[in-house]
Amino acid sequence: MLDKNIKGEPPQVEISYIFDLHKSMIKHKLLLVYEGEFSQELTTSLLSMTEKKIDLVGEDMSIKRKIFYVMMECLQNVCKHSQLNAEKKENLNAIFMIGRDENEYYIYTGNFIEYNEVDALNEKLTKINNLDEVGLKNLYKEMLQNSRLSDRGGAGLGLVDIARKSGSKLYFDFNPVDGTRWFYSLQVKINRNNPVKNVQTI
Amino acid sequence: MDKLIIEATDDTPKIILDPEKNLYEFSGRSMPEDAAEFYLPIIQWLKTYKESGFKSIILDFRMEYFNTASSKMIWDILHTLQGFIDDGMKVNVRWFYYKDDLEMEDAANDYSEMFSLPIEKIIL
(Lines give C-alpha, C1' and ligand atoms only; values in the text may rest on other atoms or scores of the structure.)
Protein backbone atom coordinates (compact mmCIF):
# COMPACT_ATOMS: atom_id res chain seq x y z
CA MET A 1 0.00 0.00 0.00
CA LEU A 2 1.28 3.41 -0.93
CA ASP A 3 2.40 5.80 1.73
CA LYS A 4 -0.28 8.43 2.14
CA ASN A 5 2.26 11.24 2.06
CA ILE A 6 3.42 10.55 -1.45
CA LYS A 7 0.05 9.73 -2.93
CA GLY A 8 -1.83 12.95 -3.36
CA GLU A 9 -0.81 15.28 -0.62
CA PRO A 10 0.42 18.70 -1.65
CA PRO A 11 4.21 18.74 -1.81
CA GLN A 12 6.00 20.25 1.16
CA VAL A 13 8.06 22.53 -1.07
CA GLU A 14 6.40 24.94 -3.45
CA ILE A 15 7.10 23.58 -6.93
CA SER A 16 4.68 25.53 -9.09
CA TYR A 17 7.70 27.65 -10.11
CA ILE A 18 8.55 24.83 -12.54
CA PHE A 19 5.47 25.76 -14.54
CA ASP A 20 6.28 29.46 -14.10
CA LEU A 21 9.81 28.89 -15.35
CA HIS A 22 8.51 26.94 -18.32
CA LYS A 23 6.05 29.73 -19.18
CA SER A 24 8.77 32.31 -18.75
CA MET A 25 11.04 30.44 -21.18
CA ILE A 26 8.27 30.30 -23.76
CA LYS A 27 7.44 33.96 -23.23
CA HIS A 28 11.05 35.03 -23.72
CA LYS A 29 11.48 32.58 -26.62
CA LEU A 30 14.42 30.83 -24.98
CA LEU A 31 15.86 27.71 -26.58
CA LEU A 32 18.32 26.82 -23.86
CA VAL A 33 19.15 28.04 -20.36
CA TYR A 34 22.05 26.92 -18.22
CA GLU A 35 22.88 28.13 -14.73
CA GLY A 36 25.85 26.78 -12.82
CA GLU A 37 29.57 26.30 -13.06
CA PHE A 38 31.30 26.84 -16.39
CA SER A 39 34.17 24.85 -17.88
CA GLN A 40 35.65 24.05 -21.27
CA GLU A 41 33.79 20.70 -21.30
CA LEU A 42 30.52 22.48 -20.60
CA THR A 43 31.22 24.99 -23.36
CA THR A 44 31.57 22.13 -25.84
CA SER A 45 28.33 20.54 -24.59
CA LEU A 46 26.35 23.78 -24.79
CA LEU A 47 27.63 24.35 -28.31
CA SER A 48 26.55 20.93 -29.48
CA MET A 49 23.13 21.19 -27.76
CA THR A 50 22.56 24.57 -29.40
CA GLU A 51 23.65 23.20 -32.76
CA LYS A 52 21.01 20.46 -32.51
CA LYS A 53 18.29 22.97 -31.62
CA ILE A 54 19.27 25.19 -34.54
CA ASP A 55 19.40 22.28 -36.97
CA LEU A 56 15.76 21.49 -36.17
CA VAL A 57 14.69 24.63 -37.98
CA GLY A 58 17.23 24.15 -40.79
CA GLU A 59 19.02 27.40 -40.09
CA ASP A 60 21.30 28.87 -42.72
CA MET A 61 24.93 27.73 -42.43
CA SER A 62 26.27 31.29 -42.27
CA ILE A 63 23.96 32.10 -39.33
CA LYS A 64 24.97 28.88 -37.58
CA ARG A 65 28.63 29.78 -37.92
CA LYS A 66 28.04 33.22 -36.43
CA ILE A 67 26.17 31.74 -33.49
CA PHE A 68 29.02 29.30 -32.96
CA TYR A 69 31.70 32.03 -33.00
CA VAL A 70 29.76 34.35 -30.69
CA MET A 71 28.76 31.62 -28.23
CA MET A 72 32.30 30.31 -28.04
CA GLU A 73 33.80 33.66 -27.11
CA CYS A 74 30.96 34.49 -24.70
CA LEU A 75 31.29 31.14 -22.94
CA GLN A 76 35.08 31.25 -22.79
CA ASN A 77 34.89 34.73 -21.26
CA VAL A 78 32.59 33.35 -18.56
CA CYS A 79 34.94 30.37 -18.08
CA LYS A 80 37.90 32.67 -17.51
CA HIS A 81 35.98 34.47 -14.80
CA SER A 82 34.84 31.20 -13.24
CA GLN A 83 38.47 30.14 -12.97
CA LEU A 84 39.41 33.39 -11.27
CA ASN A 85 36.55 32.95 -8.83
CA ALA A 86 37.61 29.37 -8.16
CA GLU A 87 41.14 30.54 -7.44
CA LYS A 88 39.69 32.84 -4.82
CA LYS A 89 37.74 29.88 -3.46
CA GLU A 90 34.47 31.53 -4.34
CA ASN A 91 31.81 29.43 -5.90
CA LEU A 92 29.88 31.90 -7.99
CA ASN A 93 27.70 30.40 -10.66
CA ALA A 94 27.03 32.09 -13.96
CA ILE A 95 24.20 31.91 -16.49
CA PHE A 96 23.97 31.34 -20.22
CA MET A 97 20.85 31.62 -22.37
CA ILE A 98 20.05 31.56 -26.06
CA GLY A 99 16.75 32.67 -27.53
CA ARG A 100 15.26 33.19 -30.95
CA ASP A 101 12.43 35.10 -32.53
CA GLU A 102 11.49 35.52 -36.19
CA ASN A 103 14.28 37.94 -36.93
CA GLU A 104 17.07 37.33 -34.48
CA TYR A 105 18.99 35.04 -32.21
CA TYR A 106 19.77 36.39 -28.74
CA ILE A 107 22.75 35.18 -26.79
CA TYR A 108 22.93 36.12 -23.12
CA THR A 109 25.52 35.60 -20.42
CA GLY A 110 25.57 36.77 -16.82
CA ASN A 111 28.36 36.40 -14.29
CA PHE A 112 29.82 37.94 -11.17
CA ILE A 113 32.74 40.30 -11.41
CA GLU A 114 34.67 42.34 -8.85
CA TYR A 115 33.48 45.90 -8.32
CA ASN A 116 36.90 47.23 -9.36
CA GLU A 117 36.54 45.55 -12.79
CA VAL A 118 33.32 47.37 -13.65
CA ASP A 119 34.82 50.65 -14.89
CA ALA A 120 37.40 49.05 -17.18
CA LEU A 121 34.85 46.65 -18.66
CA ASN A 122 32.30 49.41 -19.12
CA GLU A 123 34.93 51.46 -20.94
CA LYS A 124 35.97 48.55 -23.16
CA LEU A 125 32.38 47.72 -24.13
CA THR A 126 31.52 51.37 -24.80
CA LYS A 127 34.62 51.76 -26.96
CA ILE A 128 33.66 48.69 -29.00
CA ASN A 129 30.08 49.94 -29.44
CA ASN A 130 31.33 53.25 -30.78
CA LEU A 131 33.26 51.60 -33.62
CA ASP A 132 31.97 50.72 -37.06
CA GLU A 133 32.99 47.56 -38.96
CA VAL A 134 36.25 49.00 -40.22
CA GLY A 135 37.07 50.39 -36.77
CA LEU A 136 36.46 46.98 -35.20
CA LYS A 137 38.64 45.28 -37.80
CA ASN A 138 41.47 47.69 -37.12
CA LEU A 139 41.15 47.34 -33.35
CA TYR A 140 41.16 43.56 -33.70
CA LYS A 141 44.35 43.63 -35.76
CA GLU A 142 45.97 46.05 -33.36
CA MET A 143 45.13 43.77 -30.42
CA LEU A 144 46.42 40.67 -32.23
CA GLN A 145 49.71 42.44 -32.74
CA ASN A 146 50.07 43.86 -29.26
CA SER A 147 48.55 41.28 -26.92
CA ARG A 148 50.76 38.87 -25.03
CA LEU A 149 50.29 35.13 -24.70
CA SER A 150 49.75 35.50 -20.97
CA ASP A 151 46.62 37.51 -21.67
CA ARG A 152 44.71 34.24 -22.01
CA GLY A 153 43.08 35.07 -25.28
CA GLY A 154 44.23 38.62 -25.66
CA ALA A 155 42.65 40.93 -23.11
CA GLY A 156 39.35 41.74 -24.74
CA LEU A 157 40.07 40.27 -28.17
CA GLY A 158 37.04 38.06 -27.55
CA LEU A 159 34.65 41.00 -27.11
CA VAL A 160 35.89 42.70 -30.28
CA ASP A 161 35.43 39.43 -32.15
CA ILE A 162 31.89 39.05 -30.78
CA ALA A 163 31.03 42.52 -32.08
CA ARG A 164 32.59 41.81 -35.48
CA LYS A 165 31.06 38.40 -36.01
CA SER A 166 27.58 39.30 -34.79
CA GLY A 167 27.43 42.69 -36.52
CA SER A 168 25.48 43.78 -33.45
CA LYS A 169 26.01 46.27 -30.66
CA LEU A 170 26.86 44.71 -27.32
CA TYR A 171 24.03 45.26 -24.84
CA PHE A 172 25.30 45.16 -21.29
CA ASP A 173 24.35 45.95 -17.72
CA PHE A 174 26.01 45.91 -14.31
CA ASN A 175 24.07 45.30 -11.10
CA PRO A 176 25.61 45.66 -7.64
CA VAL A 177 25.28 42.50 -5.54
CA ASP A 178 27.16 43.39 -2.38
CA GLY A 179 30.15 45.48 -1.32
CA THR A 180 32.64 43.72 -3.58
CA ARG A 181 30.67 41.97 -6.30
CA TRP A 182 28.63 43.08 -9.27
CA PHE A 183 26.60 41.05 -11.73
CA TYR A 184 27.59 41.63 -15.37
CA SER A 185 24.98 40.82 -18.03
CA LEU A 186 25.67 40.75 -21.75
CA GLN A 187 23.29 40.34 -24.69
CA VAL A 188 24.38 39.85 -28.30
CA LYS A 189 22.01 39.69 -31.26
CA ILE A 190 22.51 37.82 -34.50
CA ASN A 191 20.30 38.80 -37.38
CA ARG A 192 18.67 35.85 -39.17
CA ASN A 193 17.81 37.75 -42.34
CA ASN A 194 20.76 39.90 -43.28
CA PRO A 195 24.03 38.05 -42.90
CA VAL A 196 26.86 40.49 -42.25
CA LYS A 197 29.21 40.95 -45.18
CA ASN A 198 32.92 40.88 -44.57
CA VAL A 199 34.87 44.11 -44.78
CA GLN A 200 38.14 44.66 -46.55
CA THR A 201 40.42 47.56 -45.91
CA ILE A 202 43.23 48.82 -48.17
CA MET B 1 64.40 16.06 -38.49
CA ASP B 2 61.53 14.27 -36.73
CA LYS B 3 58.05 14.86 -37.99
CA LEU B 4 55.37 16.25 -35.72
CA ILE B 5 51.89 14.78 -36.06
CA ILE B 6 49.09 15.68 -33.66
CA GLU B 7 45.69 14.07 -34.11
CA ALA B 8 42.59 16.28 -33.91
CA THR B 9 40.52 16.42 -30.72
CA ASP B 10 37.16 18.06 -29.93
CA ASP B 11 38.87 21.39 -29.45
CA THR B 12 42.24 21.20 -31.20
CA PRO B 13 43.09 20.81 -34.91
CA LYS B 14 45.05 18.11 -36.68
CA ILE B 15 48.68 19.07 -37.19
CA ILE B 16 50.97 17.54 -39.80
CA LEU B 17 54.56 18.74 -39.99
CA ASP B 18 56.30 16.10 -42.06
CA PRO B 19 59.57 16.93 -43.91
CA GLU B 20 59.78 13.43 -45.38
CA LYS B 21 56.45 13.84 -47.21
CA ASN B 22 57.02 17.57 -47.60
CA LEU B 23 53.58 18.16 -46.05
CA TYR B 24 52.86 20.91 -43.57
CA GLU B 25 49.21 21.33 -42.72
CA PHE B 26 46.81 22.47 -39.96
CA SER B 27 43.19 21.40 -40.29
CA GLY B 28 39.91 21.37 -38.36
CA ARG B 29 38.63 23.22 -35.33
CA SER B 30 40.81 25.10 -32.90
CA MET B 31 39.16 26.30 -29.71
CA PRO B 32 41.30 25.36 -26.73
CA GLU B 33 41.12 27.63 -23.70
CA ASP B 34 44.87 27.60 -23.41
CA ALA B 35 45.95 27.99 -27.01
CA ALA B 36 49.55 28.79 -26.06
CA GLU B 37 50.02 25.37 -24.47
CA PHE B 38 48.93 23.75 -27.73
CA TYR B 39 50.74 26.00 -30.22
CA LEU B 40 54.07 26.78 -28.53
CA PRO B 41 55.55 23.32 -29.32
CA ILE B 42 54.50 23.85 -32.95
CA ILE B 43 56.29 27.19 -33.12
CA GLN B 44 59.31 25.55 -31.53
CA TRP B 45 59.21 22.78 -34.15
CA LEU B 46 59.17 25.37 -36.96
CA LYS B 47 62.20 27.12 -35.47
CA THR B 48 64.09 23.83 -35.24
CA TYR B 49 63.11 23.10 -38.85
CA LYS B 50 64.72 26.32 -39.99
CA GLU B 51 67.80 25.79 -37.82
CA SER B 52 68.19 22.31 -39.36
CA GLY B 53 68.92 23.98 -42.68
CA PHE B 54 65.64 23.64 -44.54
CA LYS B 55 65.35 26.42 -47.12
CA SER B 56 61.64 26.43 -47.87
CA ILE B 57 58.20 25.56 -46.52
CA ILE B 58 54.63 25.61 -47.82
CA LEU B 59 52.24 25.73 -44.88
CA ASP B 60 48.57 24.91 -45.48
CA PHE B 61 45.75 26.12 -43.27
CA ARG B 62 42.54 24.15 -43.73
CA MET B 63 40.69 25.49 -40.72
CA GLU B 64 36.98 25.09 -40.12
CA TYR B 65 36.84 27.33 -37.11
CA PHE B 66 39.15 28.94 -34.58
CA ASN B 67 38.63 31.02 -31.45
CA THR B 68 40.37 34.30 -30.63
CA ALA B 69 42.92 32.57 -28.39
CA SER B 70 43.92 30.49 -31.42
CA SER B 71 43.86 33.51 -33.74
CA LYS B 72 46.55 35.05 -31.55
CA MET B 73 48.67 31.90 -31.85
CA ILE B 74 48.19 31.75 -35.62
CA TRP B 75 49.39 35.36 -35.68
CA ASP B 76 52.48 34.21 -33.75
CA ILE B 77 53.10 31.40 -36.24
CA LEU B 78 52.85 33.79 -39.19
CA HIS B 79 55.07 36.25 -37.36
CA THR B 80 57.65 33.48 -36.92
CA LEU B 81 57.45 32.60 -40.62
CA GLN B 82 57.80 36.25 -41.56
CA GLY B 83 61.08 36.21 -39.63
CA PHE B 84 62.20 33.17 -41.66
CA ILE B 85 61.60 35.10 -44.90
CA ASP B 86 63.64 38.00 -43.62
CA ASP B 87 66.45 35.47 -43.02
CA GLY B 88 66.26 34.29 -46.63
CA MET B 89 63.95 31.28 -46.40
CA LYS B 90 61.24 30.71 -48.99
CA VAL B 91 57.87 30.60 -47.26
CA ASN B 92 54.40 30.18 -48.73
CA VAL B 93 51.17 30.07 -46.79
CA ARG B 94 48.04 28.67 -48.40
CA TRP B 95 44.71 29.43 -46.77
CA PHE B 96 41.92 27.05 -47.82
CA TYR B 97 38.27 27.84 -47.15
CA TYR B 98 34.83 27.25 -48.53
CA LYS B 99 33.34 29.90 -50.79
CA ASP B 100 30.55 30.94 -48.41
CA ASP B 101 32.79 31.00 -45.33
CA LEU B 102 33.04 34.75 -44.84
CA GLU B 103 34.70 34.36 -41.43
CA MET B 104 37.61 32.35 -42.84
CA GLU B 105 37.97 34.73 -45.75
CA ASP B 106 37.96 37.65 -43.35
CA ALA B 107 40.65 35.99 -41.24
CA ALA B 108 42.84 35.49 -44.33
CA ASN B 109 42.38 39.15 -45.24
CA ASP B 110 43.25 40.28 -41.71
CA TYR B 111 46.49 38.29 -41.70
CA SER B 112 47.39 39.30 -45.26
CA GLU B 113 47.14 42.93 -44.26
CA MET B 114 49.43 42.39 -41.27
CA PHE B 115 52.30 40.56 -42.96
CA SER B 116 54.21 40.87 -46.21
CA LEU B 117 54.63 37.10 -46.42
CA PRO B 118 52.48 35.64 -49.20
CA ILE B 119 49.17 34.22 -48.02
CA GLU B 120 47.41 32.60 -50.94
CA LYS B 121 43.64 32.27 -50.57
CA ILE B 122 42.32 29.07 -52.09
CA ILE B 123 38.56 28.68 -52.37
CA LEU B 124 37.25 25.13 -52.07
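The structure we're discussing is the one just above.
Calculation criteria
- Per chain, the residues get numbers from 1 upward, laid out in the order the sequence is written.
- Chain A is the first chain written and ligand 1 is the first ligand written, with later ones labelled in order.
- Residue-level local features of this predicted model are given only where pLDDT is at least 70; pairs of side-chain atoms are given and counted only at 80 or more, and the full residue set underlies all totals for whole chains, interfaces and linings.
- Helix and strand assignments come from DSSP, with helices taken as H or I runs of at least 4 residues and strands as E runs of at least 2, each series counted from the N terminus.
- Radius of gyration means the value over C-alpha atoms here, while the globule rule gives 2.2 Å times the residue count to the 0.38 power.
- Here exposure depends only on C-beta density: within 10 Å of a residue's C-beta, 20 or more other C-beta atoms make it buried, 12 or fewer make it exposed, and intermediate numbers make it partly exposed, the C-beta atoms being placed from the backbone.
- We call two residues in contact when the distance between their C-beta atoms, placed using the backbone, is within 7 Å.
- In this description, strands pair whenever DSSP reports at least two bridges between them.
- To define axes, lines are fitted to C-alpha atoms, for helices over the stretch in contact only, and angles between the resulting N-to-C directions are given on a 0 to 180 degree scale.
- Any angle from 65 to 115 degrees is called roughly perpendicular, while one under 35 is roughly parallel, one over 145 is roughly antiparallel, and all others are oblique.
- Under the grouping applied here, Gly and all other residues not named as nonpolar or charged are polar, the nonpolar ones being Ala, Val, Leu, Ile, Met, Phe, Trp, Tyr, Cys and Pro and the charged ones Asp, Glu, Lys and Arg.
- Left-handed describes a crossing whose near helix is turned anticlockwise from the far helix through less than a right angle; right-handed describes the clockwise counterpart.

J.: Sorry, what's going on with the overall build of chain B here?
T.: Looking only at helices and strands, chain B has 3 helices and 6 strands in total. Along the chain direction, N to C, the helices and strands of chain B fall in the order β-β-β-α-β-α-β-α-β. Whereas a compact globule of 124 residues would reach a radius of gyration of roughly 14 Å, chain B reaches 14 Å, a difference of no more than 12%. C-alpha atoms of chain B, sized along the principal axes, occupy 40 × 30 × 25 Å. A burial count over chain B gives 33% of its 124 residues as buried. In chain B, the share of contacts with a sequence separation of at least 24, taken over all contacts with a separation of at least 6, comes to 65%.

J.: Looking at this structure, how should I read the overall build of chain A?
T.: Within chain A one finds 6 helices and 5 strands. Taken from N to C terminus, the helices and strands of chain A fall in the order α-β-α-α-β-β-α-α-α-β-β. For chain A, buried positions account for 27% of its 202 residues. For chain A, the proportion of contacts with a sequence separation of at least 24, taken over those separated by at least 6, is 68%.

J.: Looking at this structure, how should I read the sheet that holds strand β2 (residues 14-18) of chain B?
T.: Backbone hydrogen bonds hold the strands of a sheet together, and the pairing may be parallel or antiparallel. Residue and element names in this part refer to chain B. If you walk across this open sheet you meet the 6 strands as β1-β2-β3-β4-β5-β6, and the pairing is mixed. Either end of the sheet is taken by a strand with one partner, and the two such strands are β1 (4-6) and β6 (119-123). When the angles between neighbouring strand axes are averaged without regard to direction, this sheet yields 15°. The pairing of β1 with β2 spans 3 bridges and is classified as antiparallel. Within β2, the residue paired with Ile5 across the bridge is Ile16. Contacting β3 (23-30), β4 (56-66) and β5 (90-97), helix α2 (residues 68-86) runs over the sheet at an angle of about 150° to β5.

J.: What is the right way to read the packing of helix α1 (residues 35-51) of chain B against α2(B) from this model?
T.: Packed helices, taken two at a time, are described by their axes: the angle between them and the distance between them. Residue and element names in this part refer to chain B. Across the interface, α1 lies against α2 with an axial gap of 10 Å and an inter-helix angle of 10°. Between α1 and α2, the angle is such that the two are roughly parallel. On the side of α1, the interface is formed by Ala35, Ala36, Tyr39, Ile42, Ile43, Leu46, Lys47 and Lys50, while α2 contributes Ala69, Ser70, Lys72, Met73, Asp76, Ile77, Thr80 and Phe84. Per-class residue counts for the contact of α1 with α2 are 10 nonpolar, 2 polar and 4 charged.

J.: I keep staring at the interface of chain A and chain B and nothing clicks. Help me out?
T.: Often the size quoted for an interface is simply the accessible area lost on bringing the parts together. Counting residues at the interface gives 28 residues for chain A, matched by 21 residues for chain B. Elements with a minimum of two residues in the side of chain A that touches chain B: α2 (40-55), α3 (61-87), α5 (133-146) and α6 (157-166) of chain A. Here the side of chain A that touches chain B takes 9 residues from α3(A), the largest share from any one element. Broken down by class, the residue content of the side of chain A that touches chain B amounts to 10 nonpolar, 12 polar and 6 charged.

J.: How should I be thinking about the sheet that holds strand β2 (residues 94-100) of chain A in this particular structure?
T.: All names here are of chain A. Spatially, β1-β2-β3-β5-β4 is the arrangement adopted by the 5 strands of the open sheet, whose pairing is antiparallel. In the strand order of this sheet, the two ends are held by β1 (30-36) and β4 (170-176), each with one partner. Strand-to-strand twist across the sheet, computed as the mean angle between neighbouring axes with direction ignored, equals 10°. As defined by bridge partners, strand β3 (residues 104-114) adjoins strand β5 (residues 181-191) across 11 bridges and the pair is classed as antiparallel. For Tyr105, the partnering residue across the bridge sits in β5 and is Ile190. Seen against the sheet, α6 touches β4 and β5 and runs at an angle of roughly 25° to β5.

J.: How do you make sense of the packing of α5(A) against α6(A) when you look at a structure like this?
T.: Residues and elements named next belong to chain A. For the pair α5 and α6, interaxial distance at closest approach is 10 Å and the crossing angle is 155°. Here α6 runs roughly antiparallel to α5, going by the angle between their axes. For the element pair α5 and α6, the recorded crossing hand is left-handed. Contact residues: Leu136, Lys137, Leu139, Tyr140 and Met143 in α5; Leu157, Val160, Asp161, Ala163 and Arg164 in α6. Classifying every residue of the contact of α5 with α6 gives 7 nonpolar, no polar and 3 charged.

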